[in-house]
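# Residue-level structural notes
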Amino acid sequence: MAHMKIRKAVFPAAGMGTRFLPATKATPKEMLCLVDKPLIQYGVEEAVAAGCTEIIIVTGRGKTTMEDHFDKSSELEASLAAKNKTALLEIARSVSKLAKIVYVRQPEALGLGHAVLMAKEIVGNEPFAVLLPDDIVDASTPCMKQMVEAFNETQASNGEMSSILGSEVVEGDAISAYGCLDCTPDTSNPRLLAVKTMVEKPAPGTQPSQNAIIGRYILTPRIFEMIEGITPGAGGELQLTDAIKALLQHEKVYGYSYEGKRHDAGDKQGFLRATVELALKHDKLGPDFRAWLKTFPL
Ligand code: G1P
């Protein structure tokens, strides 16, 4: 089989963002600003860094500011150019030049599996990445890039492609908020886990392991057929986890213990922590922010 490359990345972004009300009443969650750019831009930059050239955003009602954000803004560019604000002009331009971005609507929020299914025609018959924009992964090598490398390695050694799921160990009952992997370490690479089965949001005490699926996936195109075959699962939704579990009947699936730190920026507490950590690391804002934080009476 010819070696397949990961060229396309799907971003499910149609959710209502209820965990973040009231901020998300009229603003898409994906457009909340983390330090100096919207959440979704972090994910898009990560996908581009991993070699993806086509970004597919699954959107819904009230989400058009995302489209404006990644579009060329002729008025803004003309105004900055007229004032010779070249550094700002470069920032504005670079966002619209990140990648080819296409949008597809998810008319009803029927679950993550359903959201991914909306991209079926645009993805076609090739493996692709999925990034959940709430999960911000801070890593020296972008998380999806690490996973694409693992995908390429397993494809070369097995002679066929396999889906790869970003994974991390979470403590105690926190696992009940995630997809959970029943898996064993894979001998070929210390970061790879051979998945036996998986369960979405296990009830506390029933989890097969503490290995959670995070919002980073590389999926083979057979996943679409699997999503079409599943019935509503946890929370009455069409769950991507259930479709990947069905994929295990046909193909190998791996977990991947990524290097880095994930922030759940879809949660208010997680968003605050991400803000402080990323602000401290920011090349321009970080030094002053650190100095100010040190004077802050805690
Ligand atoms: C989704 C997936 C879940 C995964 C999680 C990662 O859940 O269904 O399997 O572990 O993302 O963030 P959600 O956070 O949408 O409830």
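Our subject in this report is the structure included herewith.

A few words on the environment of Tyr103. Turning to its location among the elements, Tyr103 is positioned in strand β5 (residues 100-105). Since its relative accessible area comes to 26%, Tyr103 is described here as partly exposed. With 90 residues separating them along the chain, Tyr103 and Ala13 place their C-alpha atoms 10 Å apart.

Next up on the list: unusual backbone geometry. Of the consecutive residues Leu21 and Pro22, the connecting peptide bond is found in the cis state with omega at 5°. The topology assignment puts Pro22 in the loop between β1 (8-12) and β2 (33-34). Despite not being glycine, Lys201 has its phi angle at roughly 45°, a positive value. Relative to the assigned elements, Lys201 resides in the loop between β10 (192-200) and β11 (211-219). What makes Lys201 partly exposed here is its relative accessible area of 42%.

What follows deals with the pattern of salt bridges. Going through the model one piece at a time under the given rule, you end up with 20 salt bridges. The salt bridge involving Lys196 is made with Asp182; its shortest N-O contact spans 3.9 Å. Here Lys196, found in strand β10, pairs with Asp182, found in strand β9 (residues 179-185); they are 14 residues apart in sequence, far enough to count as distant. One network of salt bridges, with partners in common, ties together Arg19, Lys29, Asp134 and Asp264.

Once that is clear, we can look at a nonpolar patch on the surface. On the surface, a cluster of nonpolar side chains totalling about 410 Å² of accessible area is made up of Trp292, Phe296 and Leu298. With respect to the helices, strands and loops of the structure, Leu298 is situated in the segment after α11 (286-295). A relative accessible area of 96% means that Leu298 is categorised as exposed.

All right, on to the site of the ligand then. In the neighbourhood of the ligand, 13 residues make up the surrounding shell, with Asp135, Gly179, Glu200, Lys201 and Ile213 lying closest. A distance of 2.9 Å separates an oxygen atom of the ligand from a polar atom in the backbone of Gly179. Here the ligand loses 75% of its free accessible area of 380 Å² to cover by the protein chains. Tallying contributions element by element places β11 first for the shell around the ligand, with four residues. The class makeup of the residues in the shell around the ligand is six nonpolar, four polar and three charged.

A separate point is the pairing of strand β8 (residues 163-169). Counted residue by residue, β8 has six buried out of seven residues, so it is predominantly covered. In this sheet, strand β12 (residues 253-257) lies alongside β8 in parallel orientation, the contact comprising five bridges. Each bridged residue has a counterpart across the sheet, and for Leu165 the counterpart in β12 is Gly255. Inspection of the sheet shows β8 paired to β11 by five bridges, in the antiparallel sense. Across the sheet, residue Val169 finds its bridge partner in β11, namely Asn211.

One way to put it is that helix α10 (residues 268-281) packs onto α11 with a least axis distance of 6 Å and a crossing angle of 120°. Between α10 and α11, the angle is such that the two are oblique. Along the contact surface, α10 presents Val276, Ala279 and Leu280, while α11 presents Gly286, Phe289, Arg290 and Leu293. Looking at the contact of α10 with α11, its residues break down into five nonpolar, one polar and one charged.

Rules used in this analysis
- Residues numbered from 1 in each chain as written.
- Predicted model: local features only at pLDDT ≥ 70, side-chain atom pairs only at ≥ 80, totals over all residues.
- Heavy atoms only, no water.
- Helix = DSSP H or I, 4+ residues; strand = E, 2+ residues; numbered from the N terminus.
- Buried < 20%, exposed > 50% of the residue type's maximum accessible area, 1.4 Å probe, protein only.
- Salt bridge = Lys/Arg side-chain N within 4 Å of Asp/Glu carboxyl O.
- Patch = residues over 30% accessible without salt bridge, like charges linked within 9 Å, V, L, I, M, F, W, Y side chains within 5 Å.
- Areas by Shrake-Rupley, 256 points an atom, 1.4 Å probe, with all protein chains shown as cover.
- Near = heavy atom within 4 Å.
- Polar contact = N/O pair within 3.5 Å; in protein donor to acceptor, adjacent residues only side chain to side chain.
- Nonpolar A, V, L, I, M, F, W, Y, C, P; charged D, E, K, R; others polar.
- Pairing = 2+ DSSP bridges.
- Axes fitted to C-alpha atoms, helices over the stretch in contact; angles between N-to-C directions.
- Parallel < 35°, antiparallel > 145°, perpendicular 65-115°, else oblique.
- Contact = heavy atoms within 4.5 Å.

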